[in-house]
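Spelled out from the first residue to the last, the chains are:
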Amino acid sequence: MTSDPRILVVAPDDDLIGSLCQGLDTLGWRTVTARSLAGALQVLIDWPLETVILDARIPEAAEGVAALRQTVAPRRLPVMAIGPEAADWPSGVADIVMSNPPHAAQAALRLENLGRAAIAEEEVSLREATFAARGEPLPVIEPDPSPLRVLAAGKPDRHFLALSNALVAHGCEVVAAPTPYTAFDYLHERPFDAAVLWGAEDHAPALSIASGMKRNTRLYHIPAVLYLRGSGEINLSELYNRGFADVAAADTPEEETADRIVALARHHRRHIAIRRALESARGSGLTDPATGLFTPELFASHLARVAEGARQRRRPLSVVVLRVSETPAVVEARKDGWLDRALPQIGAMVSRLIRTEDTAARLSADVFALALPATRGPAGRIAADRIAAVIGCTAFDAGPDRSPFVVEFEVGVAEVGPGESPAAVLERASRDVRAATSG
């Protein structure tokens, strides 16, 4: 095996989801299979796996989900249940329920989203503890309790209308948009939790809407579902690469499609609440007033808690240090205070370029640090280089009659090793910066 497995598959045989496992393995989502719940519990003890795909035919499958999650606590464990038997399970037993195995690209996308949400929820609890310990508890932010809002974009059709009725029966507020133009008008006018796009025989309008949503930072995270009713051939992998969260095939019952859309919409609304909870820290008196980032003291306190959480959950953790490079342009901008004027904007850019679950800090005037949970060192370097590249494309004001200047970063990355203290890993990341500079 070339890499550690990421997914636990619990199935009595390969008849139902064997081909899905092969597809996931091909995509780099390595799987390990257990043929019973008892075997699955042992696998979870042996391997720090990210998610579970459960064949609902396994005896006492619904009851077994709680045991699987308890085994890895406090780490959150997303579960995808597959099989018609799962349709009768109580709501919330599994994170995703599907009567038939999805396309491997679809499964990978959904599991990736669920995994990121699980890590973000873990970070919420850790951040709440950090702020409470310092006397400034974070506000409790619950998801919006109003009915889920779903945009239904496409020409009226009896199948599409049946799906809309099924969504209404779930308590959703459905807004119909017959054309891409009206769809974007609605998307810009009001918030939506999901968008279902009618494929019909011509997928071009639906693809146009999905592409437009993914190019818009405000609409990017709204899950888009393509509802197929045409007979033409279509490449499912390409659809998921275009940003669709789900694709309902022609033979999928409207009720099941509605269930899947509702699950995506709830997940999206929960994600918004988590982001708001994490971002509420920026208004605290404990953060850097100019950038809203963590101060050195707050970051040190939180990094210790995050490192302990990573150890308990058997997740990796990487730390990044970003230091403004002393290029000739920066040296000149520093003389007249223009760099100081730009640094709050740079800090704000850093905060927007990280993931929901990441923590950014301002260690000194022009040195920033990141804590990246569930991230290996090489992935942490890719993330840091991406942030540096984006900021490096921004021109900052250098004063009257002077050309704007750009900011480059020296980057250091360190992954927390077994038994390593947070202070030691932060110092190692700082040494990595110095080594890169001297090299």
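Up top you'll find the structure we're talking about.
Residues numbered from 1 in each chain as written. Predicted model: local features only at pLDDT ≥ 70, side-chain atom pairs only at ≥ 80, totals over all residues. Heavy atoms only, no water.

Colleague: Before we move on, could you go through the overall build of the protein chain and cite the residues and values that matter?
Modeller: Scanning the protein chain from terminus to terminus reveals 14 helices and 14 strands. Principal axes of the C-alpha set define a box for the protein chain whose edges measure 70 × 55 × 40 Å. By the burial criterion, 50% of the 439 residues in the protein chain qualify as buried. Restricting to contacts in the protein chain with at least 6 residues of sequence separation, those with at least 24 account for 71%. Surface exposure of the protein chain reaches about 19900 Å², of which carbon and sulfur atoms provide 53%. Side-chain charges in the protein chain split into 46 positive and 56 negative, and the spacing between the mean points of these groups amounts to 4 Å. (Helix = DSSP H or I, 4+ residues; strand = E, 2+ residues; numbered from the N terminus. Buried < 20%, exposed > 50% of the residue type's maximum accessible area, 1.4 Å probe, protein only. Contact = heavy atoms within 4.5 Å. Areas by Shrake-Rupley, 256 points an atom, 1.4 Å probe, with all protein chains shown as cover. Lys, Arg positive; Asp, Glu negative; His and termini not counted. Charge placed at Lys NZ, Arg CZ, Asp CG, Glu CD.)

Colleague: I'd like a rundown of the side chain of Arg-362, residues and numbers included.
Modeller: In this structure, Arg-362 sits in strand 12 (residues 359-364). If sequence neighbours within four positions are ignored, Arg-362 has contacts with Asp-288, Ala-290, Thr-291, Leu-293, Phe-294, Thr-295, Pro-296, Leu-343, Val-367 and Phe-368.

Colleague: Tell me about the pattern of salt bridges, and name the residues and values.
Modeller: Evaluation of the coordinates by the stated rule reveals 31 salt bridges. Between Asp-288 and Arg-362 there is a salt bridge, and its shortest N-O distance comes to 3.3 Å. One end of the pair, Asp-288, is in the loop between helix 9 (254-279) and helix 10 (296-313); the other, Arg-362, is in strand 12, with 74 residues separating them in the sequence. Grouping residues by exposure puts Asp-288 and Arg-362 together as buried. (Salt bridge = Lys/Arg side-chain N within 4 Å of Asp/Glu carboxyl O.)

Colleague: Explain the environment of Ile-222 residue by residue, including any values.
Modeller: Looking at the secondary structure, you find Ile-222 in the loop between helix 7 (204-214) and strand 9 (224-227). Separated by 139 residues in the primary sequence, Ile-222 and Ala-361 place their C-alpha atoms 28 Å from one another. Every residue in contact with Ile-222, bar those within four places of it in the chain, is listed here: Leu-187, Phe-192, Asp-193, Ala-194, Ala-195, Met-213, Lys-214 and His-268.

Colleague: Mind laying out the sheet that holds strand 7 (residues 173-177), listing which residues take part and the relevant values?
Modeller: The strand order 7-6-8-9-10 describes an open sheet built from five strands, whose pairing is parallel. Two strands close off the open sheet at either side, each with one partner strand: strand 7 and strand 10 (246-248). Adjacent strand axes in the sheet meet at a mean angle of 20° when their direction is disregarded. One ladder, built from four bridges, connects strand 6 (residues 149-153) with strand 8 (residues 194-198); its direction is parallel. (Pairing = 2+ DSSP bridges. Axes fitted to C-alpha atoms, helices over the stretch in contact; angles between N-to-C directions.)

Colleague: Please set out unusual backbone geometry residue by residue, giving values where relevant.
Modeller: With an omega of 10°, the peptide bond between Ala-73 and Pro-74 qualifies as cis. By the secondary structure assignment, Pro-74 is in the loop between helix 3 (61-72) and strand 4 (79-82). Non-glycine residue Glu-60 carries a positive phi angle of around 55°. Structurally, Glu-60 is set in the loop between strand 3 (51-55) and helix 3. Looking at Glu-60, the relative accessible area reads 62%, which means it is exposed. Backbone geometry at Ala-374 places phi at a positive 55°, although glycine is not the residue there.

Colleague: Account for the nonpolar core, naming residues and giving values.
Modeller: With 30 residues, the main nonpolar core has Leu-322, Ile-346, Leu-370, Ile-391, Phe-405 and Phe-409 as its most contacted residues. When residues in this core are grouped by element, the largest group, eight residues, is from helix 12 (residues 338-353). Setting aside its immediate chain neighbours within four residues, Phe-405 contacts Ala-329, Ala-333, Trp-338, Leu-339, Ala-342, Thr-394, Ala-395, Phe-396, Asp-397 and Ala-398. (Core = buried A, V, L, I, M, F, W, Y, C linked by side-chain atoms within 4.5 Å.)

Colleague: Which residues make up the packing of aromatic side chains, and what values do they have?
Modeller: Tallied over the entire structure, the rule returns four aromatic pairs. Geometrically, the ring pair formed by Phe-131 and Phe-294 is edge-to-face, given 5.7 Å between the ring centres and 80° between the ring planes. With Phe-131 in helix 4 (residues 104-133) and Phe-294 in the loop between helix 9 and helix 10, this pair connects stretches of sequence that are 163 residues apart. Here Phe-294 falls in the buried class, since its relative accessible area comes to 4%. Residues Phe-396 and Phe-405 carry aromatic rings whose centres are separated by 5.9 Å and whose planes lie at 40° to one another, so their mutual orientation is tilted. Residue Phe-396 shares its accessibility class with Phe-405, and that shared class is buried. If you follow Arg-341 out to its NZ or CZ, it ends over the ring of Trp-338, 4.3 Å from the centre. (Phe/Tyr/Trp six-rings, centres within 6.5 Å; stacked < 30°, edge-to-face > 60°. Lys NZ or Arg CZ within 6 Å of the ring centre and 35° of its normal.)

What is shown is where atoms sit, not what they do.
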